[in-house]
Amino acid sequence: MTAPMRVRRKHHAFAAIAAVASSILLLFLVLPVVHLVIAAGAGGASRLFTDAELRQSLALTAITATAAALAAALCGTPLAWLLARRDFRGRALISAILDIPLLIPHPVAGIALLLFLGRGSALGAGLLAAGLRIVGTPLGIIAAMLFVSAPLFVSGAREAFARVDPRLEGVARTLGDPPWRAFRRITLPLAARGLIAAGVVTWARAVSEFGAIVILAYNPKVVSVLSYDRFNGFGLSEALPVAAALVLLSIIPLTALRALRMGAEPTGT
Amino acid sequence: MILATKLGARVGAFALTNISFHVPSAAYGVVIGPTGSGKTTLLEAIAGLVPATSGMLELSGHNATDDSPDVRDVGLVYQLGLLFPHLSVEANIRYGSADPAVADDVARRFGVHELFGRRVQSLSGGQRQLVALARALARRPGILLLDEPFSALDPARRAAARRELRAIHREWGLTTLHVTHDFAEAGSLGDVAILLDGGRVLQSGRPADVFRQPKSSYVAEFLGAENVFAGEIIAGGDGAVFRSGPLRLNVAGAPPAGPCNAIVRADEIVITRAAPAASSARNHFSGRVSDIESAGATWRVTIDADGAKLVAAMTTWSADELALSVRDTAHFTFKATAVHLC
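Residues numbered from 1 in each chain as written. Chains lettered and ligands numbered in written order. Predicted model: local features only at pLDDT ≥ 70, side-chain atom pairs only at ≥ 80, totals over all residues.

## Concerning the overall build of chain B
Alright, step 1. Scanning chain B for helices and strands turns up nine helices and 20 strands.
Alright, step 2. Seen through its principal axes, chain B has C-alpha atoms that stretch 65 × 45 × 35 Å.
Alright, step 3. Each of the 342 residues in chain B was classed as buried or not, and the buried ones make up 42%.
Alright, step 4. Sequence-distant contacts in chain B: of pairs separated by 6 or more residues, those separated by 24 or more amount to 65%. (Helix = DSSP H or I, 4+ residues; strand = E, 2+ residues; numbered from the N terminus. Buried ≥ 20, exposed ≤ 12 C-beta atoms within 10 Å, placed from the backbone. Contact = placed C-beta atoms within 7 Å.)

## Regarding the domain arrangement of chain B
Alright, step 1. Under the domain assignment, chain B is made up of domain 1 (2-212) and domain 2 (224-341).
Alright, step 2. One C-alpha centre belongs to domain 1 of chain B, the other to domain 2 of chain B, and the line joining them spans 38 Å. (Domains from an automatic or database assignment.)

## Topic: the sheet that holds strand β4 (residues 52-59) of chain B
Strand pairing in a sheet takes place through backbone hydrogen bonds and is either antiparallel or parallel in direction.
Residues and elements named next belong to chain B.
Alright, step 1. Taken together, the four strands give an open sheet; going across it, the order is β2-β1-β4-β5, and neighbouring strands pair in antiparallel fashion. Each end of this open sheet is capped by a strand with a single partner; those strands are β2 (14-23) and β5 (62-63).
Alright, step 2. Two elements, strand β1 (residues 2-11) and β4, share six bridges in a ladder whose sense is antiparallel. Residue pairing across strands places Ile 2 opposite Leu 59, the latter belonging to β4. (Pairing = 2+ DSSP bridges.)

## Some remarks on the interface of chain A and chain B
Alright, step 1. Taken together, the contacts link 19 residues of chain A with 21 residues of chain B.
Alright, step 2. Only α7 (166-174) and α8 (179-208) of chain A provide two or more residues apiece to the side of chain A that touches chain B.
Alright, step 3. The element that contributes the greatest number of residues to the side of chain A that touches chain B is α7(A), accounting for six residues.

Here is the structure:
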């Protein structure tokens, strides 16, 4: 066998191993979900018409996840801009703090939130006195969702801002724009796709949250908690349609992200 | 008018230090310097995009050191154009313009009005530079800052753009500061030349003075002076002589004795095949031609004379007439006033 033939064979062998390994991982990720949808997708869809608790749970999940994503965007956008644009003391510390919710187990996050916002804490007692009950309410669900998903928004938004050349804003300033107008006319539109994508990921993460919510607000039930509740109380057959409905709900952000990526424009010149 | 007095600014580890120069009202200043010398940072500091850390900056007669960029009345054009990618060419040009007629006029003068409907991503590098220039001018600023604005243009369009810019500069009385690597551009455009290196101004003044009378051998070499010698004045006063090894140069004036550098520009040296008859020129050298090279429209001839290499310039016409070859003997003559000491 000649040397070039040996090299070609090695390349073929490497490509074959890579293809098999990639296929195994992709099948492992896709097959359980596909199987779930095939097994219970139709049932889940039909349950939407007959199961009032499931409908309420889906609506609650969508509303609380949207509220959490909006809160993350409102508070996270200035922070992301600061992290992307300004070099200041403590920036590394803030980045590390933002990693904490992603690193700790989510039931632990739920316990921490319960300690911080529960009636036993000064803040929880104060909020309760002001008429704001956190534990066991939609506010608690939003708090849990916000805690676990906000770092994803900040990270995505920071990347979106970092991709916009800061000199473009500088040019706008020399063309007469004060800082806020230059941000609104230049940086914000150029980062918009990235910010929306970060919001969609945040929303999807909030929808899929279970561990922190189940500690802080078991009731009213979001879909992930309802699915767990039905599994525990009635077995797999009752949990399947709920789980399938949750999968169908998560297709919305997946589709939105695909659409955003397909229409992506360059952010520099 | 731009008046910088001991201006300092910092970007990361790079610092502009003690920057002082003056571009009078309606004058055209050129900034020359090697890559990394701080030219772009200087423009950004004048535009207010990089804050001053020390010193003072006066723009159009008032202290603008702490003014924000939007109130400085300064237009800035980056080398890459930096057009807003989400806006059309027309929207870019009209971005800061209060008067649509000025935007239209400027766009027409630089030939970019026909690109109005185009997306900026579809433009060539040269077109982007012209649109960026039109965008800065459409606001009719009091001061225009240009960072190599013609570098992506072909020679014909560059010449046309330069002419148009010069015309607008004259018509509007527009104070301009233009960064360039091109010495010819600096010489043809500038009323004031500022030579920058390592974040410091090495020399500033009329381009002719900076080119003819560089303040140091470094400046001379950077500006392309071919004959730079380190040595000393051995006989001060009238009839002074500069010595560098075996080389002796007669110099004008009455410089004091002591170490210095001598600079002779190649285009101040006359080349002849035969020894020149008696003339007023005080310096005459004969030697064998060691090199002849083309430098565009001129030729550079090097001779070994008195142990030193001397370079002289001649036109292609002269080169044809003299028909010099390597190893021929040539005579170089120049006046004592052509020897600049620094």
